[in-house]
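Listed here are the chains, written in short residue letters.
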Amino acid sequence: MTATATPARRLLRNPAGAFGLALTVLLVGAGLLAPLAAPHDPAAVGFDRLYAPPSWASPLGTDELGRDQLSRILYGLRASVLIGVAAVLMAAAVAVPLGLAAGYYRRVVDPVVSRLNDAVMAFPFLVLAVGLAAILGPSPVNAAVAIGVSQVPNILRVMRGEALRLSGEQFVDAAVAGGAGDAAVLFRHILPNAANALLVQVTVGIPAAIIAEAMLSFLGLGVQPPTPSLGVMLSSAQSTFAQAPWLAVFPGVALVLLTLGFNLLGDGLRDALDPKGAQR
Amino acid sequence: MTRPEEAPRRREEREEEPVLRASGLTVRFPGQEGHGAAVRGLDLHVAPGEVLALVGESGSGKSAATMGVLGLVPRGTEVGGSAVLGGRELVGLGERGLRGIRGRRAAVVFQEPMTSLNPVFTVGWQLREVLRVHLGMGRAAAHARARELLELVGLDEAERRLRGYPHQLSGGQRQRVMIAMALACDPEVLIADEPTTALDVTVQAGILRLLRGLADRLGTAIVLITHDMGVVAGVADRVVVMHRGEAVESGEVGRVLGAPRHDYTRRLLASVPRLGASSAAGAPPADAPPAADSGAAAPGSGDAAPALAVRELSVHYGSAVAVSGVSLTVARGETVGLVGESGSGKSTLGRCAVGLQRPSSGSVAVCGTEISGLSRRRMRPLRRSVQMVFQDPASSLNPRMTVGAMLAEPLRRFGPARGAALDRRVEALLEDVRLDPDMRHRYPHQFSGGQRQRVAIARALALEPDLLVADEPTSALDVSVQDEILELLTALQREKGFGCLFISHDLAVVERMSSRVAVMRGGELVEEGPTTRVLSDPEHPYTRTLLEAAPSVDAAPRATG
């Protein structure tokens, strides 16, 4: 019953995980390479082709200003991925040290950090993000900050739990007995062993952040028109849905596929990194 | 449902058709295609009223054999050969067919009684559930039978126990409940997989007596899977010795233990520590200073101070008392054995000695320096003089660090060595514990249990401590590996001259390692003295109880005696 398969191979062997990985790589890649991949300038207005249905020239049609929909979706993916990933990384940068400290210094730090965390958690994720974005004012950076803050509690909770569990392990006792200071214990012995759980939590957090970004942009609190973003496109497609349904359908499908990819990847990672999965 | 109570049968009359007979049994786990199977061509049989011991070290296939027969193995496991239970072939029966066998005709008792009962239901509910599901009993009938079962396994106040929850029972009592559950459907075969390994010796003795009694009174055939030759000697009629998936020897227990034919059996028996076998190898170094009155040594007087001096130490967890007023001294170069059962406070005392646990009152001095009141920061420079080896090497090594990095970490913290000089120190440490220096690039999971414990010892010795606290360093290891580790510790102590506080539940191991022994019970030190005196002529009744309960290979084999 030896674990011969590495986590990477186990991920690829799991059909859902492999599909999630492929979808994520494809869509994130397309978004990041938008300047090269887009067939047209996303801002190029063409009054001779307003509301053009899908055609060879514009495979996904054009919008109310005659702009190429495919190009705008590619740039929109780029905005969504960048804001989503930035938000989660910001959240991790705050949540990991706090969670680590809370889980290790159970008497002093934990009560303060955990109660604050509970208070933040009492607000639903999206309500908190919308509220913060409204206070900070509409801009892509503020949207990322607002989403990041609302993501902190989830990551913090996972980090604290892992730190709590690992600080009871014998190898931590052994490190302390070997003269290791708190920094060495926290960053050399506890944090690397919590990496798997954190990686999973981050991968699951990204699609939530992407949805939140789309929603903020939809409400006019995130990316501002004319800059393309999936949320902005969905928002402006509302009024013309009856005449030009492709303006709502294609950005919607892109958003669904992107979050689906990250979610499947997150689930696949969780299974692949679970040491008990090695025997399956 | 119940079988009429049968009078104890004599061994000669037991020569009847076996209830379980396996022939040419092979078990191959998924992923073992290229390697040997877990079990290869095993033959065994067990008759009603007989206790068959299946003995071997970890990886010998002793559990795989029985679990393979009952289908309690990972999916994709190939089971071949034949296993007939009461006239029915089990191999190839399929999951559906086996489900009808498990629990009814063949029941299993596992090692961990702590986790095998559901904590949110009463004991009575869980027993009744088994009876209702398997036998379709009504509530009243199930209750009566549950009570009868608890009485059968020797639990007093059965009515009260039925209303209680698992956490209100001790480990031994829980294991009795598990046995009661296994007996619920009156199985022909009871498979007990290391049923006493997680229990204290005095509790173990009771469980073994119970199993023996069940075989004699109910005529249940019992397959006892164990690694402990002492357990085999105490209860079994016949024994099958397994090694690397094959049965190397089988026969009457008296014959196998008394006159083993196979080389492996002989080696296994030789590595079992025996009480009263204290030999020159186990004798403490001759230059160990007498420690009887070392409590008088003035602190801070350099070499004269003992490695460890504990005075009137108490530790409380809230209102619970873990250690109460214990005084103990370990001289330099001396090994003191600390014996006790779980909950006796022996591990807490050990953790105080290395400064991992803060005492509630009393003093702990290492090499004459008081450490009990120190903050973690002030304690840090003193860490190098006292080190610890933990019980389970699987969890005491950081899985994300290579062995080399692990050994280098304390060296870098306390020593000037860097680069090539540091590498040489790490290699020398690995050589000290008889490991290949090239292994320093490997991660803990790439080592066997015994090798991991060698790494843990190397890490503890990296700073050349004056005191080594070894907390059950071999109880997670096989006997032959235990033998090697004990040998290594003895040799290293002779080379390096550290004092050692050796914590163990196993009297025979303590006898081999230490010149003096201290016995703890319920947080108090009940007896202390030279090992030979304490073990041959114990003053305290508890020490006597411990000595009597210790399973021994040399115990007169039962029945035929």
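Predicted model only: the values in this text are computed from it and were never measured.

1. Points about the packing of helix α4 (residues 69-104) of chain A against helix α11 (residues 246-273) of chain A
Residue and element names in this part refer to chain A.
And step 1. One can describe the packing of α4 onto α11 by two numbers: an axis separation of 11 Å at closest approach and a directional angle of 35 degrees. Two packed elements cross with a definite hand, and for α4 against α11 that hand is right-handed. Residues Gln69, Ile73, Leu77, Ser80 and Val81 of α4 form the contact with α11, whose own contacting residues are Trp246, Leu247, Phe250, Pro251, Ala254 and Leu258.
And step 2. By residue class, the composition of the contact of α4 with α11 is nine nonpolar, two polar and no charged.

2. What about the interface of chain A and chain B?
Note on interface size: it is often stated as the accessible area lost on association of the parts.
And step 1. With 21 residues of chain A at the contact, the number on the chain B side is 25 residues.
And step 2. Summing both partners gives a buried area of about 2,000 Å² for chain A against chain B, and 49% of it is carried by carbon and sulfur.
And step 3. The interface formed by chain A and chain B contains two salt bridges.
And step 4. Across the chain A-chain B interface, the total number found is 13 residue pairs in polar contact (both at pLDDT 80 or more).
And step 5. Contributions of two or more residues to the side of chain A that touches chain B are made by α8 (170-177) and α9 (182-218) of chain A.
And step 6. A total of eight residues in the side of chain A that touches chain B trace back to one element, the largest contributor, which is α9 of chain A.
And step 7. Classifying every residue of the side of chain A that touches chain B gives 10 nonpolar, seven polar and four charged.

3. Some remarks on the packing of aromatic side chains
The description of two aromatic rings rests on the distance between their centres and on the angle between their planes.
Residue and element names in this part refer to chain B.
And step 1. The tally for this structure, following the rule as stated, stands at two aromatic pairs over all chains.
And step 2. Ring centres of phenylalanine 121 and tryptophan 125 lie 3.9 Å apart, and the angle between their planes is 10 degrees; on these two criteria the pair is classed as stacked.
And step 3. In this structure phenylalanine 121 comes out as partly exposed when scored by relative accessible area, which is 30%.
And step 4. Exposure remark for tryptophan 125: the relative accessible area of 33% places this residue in the partly exposed category.
And step 5. Its guanidinium or amino end placed over the ring of phenylalanine 447, arginine 442 lies 5.8 Å from that ring's centre, counting from NZ or CZ.

4. Regarding the packing of helix α4 (residues 139-152) of chain B against helix α6 (residues 171-183) of chain B
Residues and elements named next belong to chain B.
And step 1. In the contact formed by α4 and α6, the axes pass within 9 Å of each other and the chain directions differ by 125 degrees. With respect to their mutual orientation, α4 and α6 come out oblique. In the crossing of α4 with α6, the sense of the turn from one axis to the other is right-handed. Across the interface between the two elements, Arg145, Leu149, Leu150 and Leu152 of α4 pack against Val177, Ala180 and Leu183 of α6.

5. Some points on unusual backbone geometry
And step 1. Here proline 225 of chain A and proline 226 of chain A are connected by a cis peptide whose omega angle stands at 10 degrees.
And step 2. Mapped onto the elements of the fold, proline 226 of chain A is located in the loop between α9 and α10 (230-237).
And step 3. A positive phi angle, near 55 degrees, is found at aspartate 186 of chain B, a position not held by glycine.
And step 4. Within the secondary structure layout, aspartate 186 of chain B lies in the loop between α6 and β7 (189-193).
And step 5. For cysteine 367 of chain B, which is not glycine, the phi torsion reads 50 degrees and is therefore positive.
And step 6. Topologically, cysteine 367 of chain B is positioned in the loop between β14 (361-366) and β15 (369-370).
And step 7. Cysteine 367 of chain B sits in the buried class, given a relative accessible area of 14%.

6. Structural notes on the UniProt feature "transmembrane region" (unreviewed entry) in chain A
Residue and element names in this part refer to chain A.
And step 1. When the UniProt feature table is mapped to this numbering, "transmembrane region" (unreviewed entry) covers residues 81-104, 116-135, 197-223 and 244-265.
And step 2. In this annotation, residues 81-104 is assigned 100% helix and 0% strand; the end-to-end C-alpha distance for the span is 33 Å.
And step 3. Its end C-alpha atoms 33 Å apart, residues 244-265 is made of 91% helix and 0% strand.

7. What to know about the pattern of salt bridges
Pairing between side chains of opposite charge can happen when their charged atoms approach one another.
Residue and element names in this part refer to chain A.
And step 1. Following the criterion strictly, the structure yields 37 salt bridges over all chains and no others.
And step 2. Taking the shortest distance from any N to any O, the salt bridge between aspartate 118 and arginine 115 comes out at 3.3 Å. One end of the pair, aspartate 118, and the other, arginine 115, are both in helix α5 (residues 109-121), three residues apart, so they sit about a helical turn from each other.
And step 3. Of the residues examined, aspartate 118 reaches a relative accessible area of 40% and is grouped as partly exposed.

Rules used in this analysis
Residues numbered from 1 in each chain as written. Chains lettered and ligands numbered in written order. Predicted model: local features only at pLDDT ≥ 70, side-chain atom pairs only at ≥ 80, totals over all residues. Heavy atoms only, no water. Axes fitted to C-alpha atoms, helices over the stretch in contact; angles between N-to-C directions. Helix = DSSP H or I, 4+ residues; strand = E, 2+ residues; numbered from the N terminus. Left-handed = near helix turned anticlockwise from the far one by under 90°. Contact = heavy atoms within 4.5 Å. Nonpolar A, V, L, I, M, F, W, Y, C, P; charged D, E, K, R; others polar. Buried area = accessible area lost by both parts, 1.4 Å probe. Salt bridge = Lys/Arg side-chain N within 4 Å of Asp/Glu carboxyl O. Polar contact = N/O pair within 3.5 Å; in protein donor to acceptor, adjacent residues only side chain to side chain. Phe/Tyr/Trp six-rings, centres within 6.5 Å; stacked < 30°, edge-to-face > 60°. Buried < 20%, exposed > 50% of the residue type's maximum accessible area, 1.4 Å probe, protein only. Lys NZ or Arg CZ within 6 Å of the ring centre and 35° of its normal. Parallel < 35°, antiparallel > 145°, perpendicular 65-115°, else oblique. UniProt positions renumbered as here; feature names shortened; annotations may be inferred.

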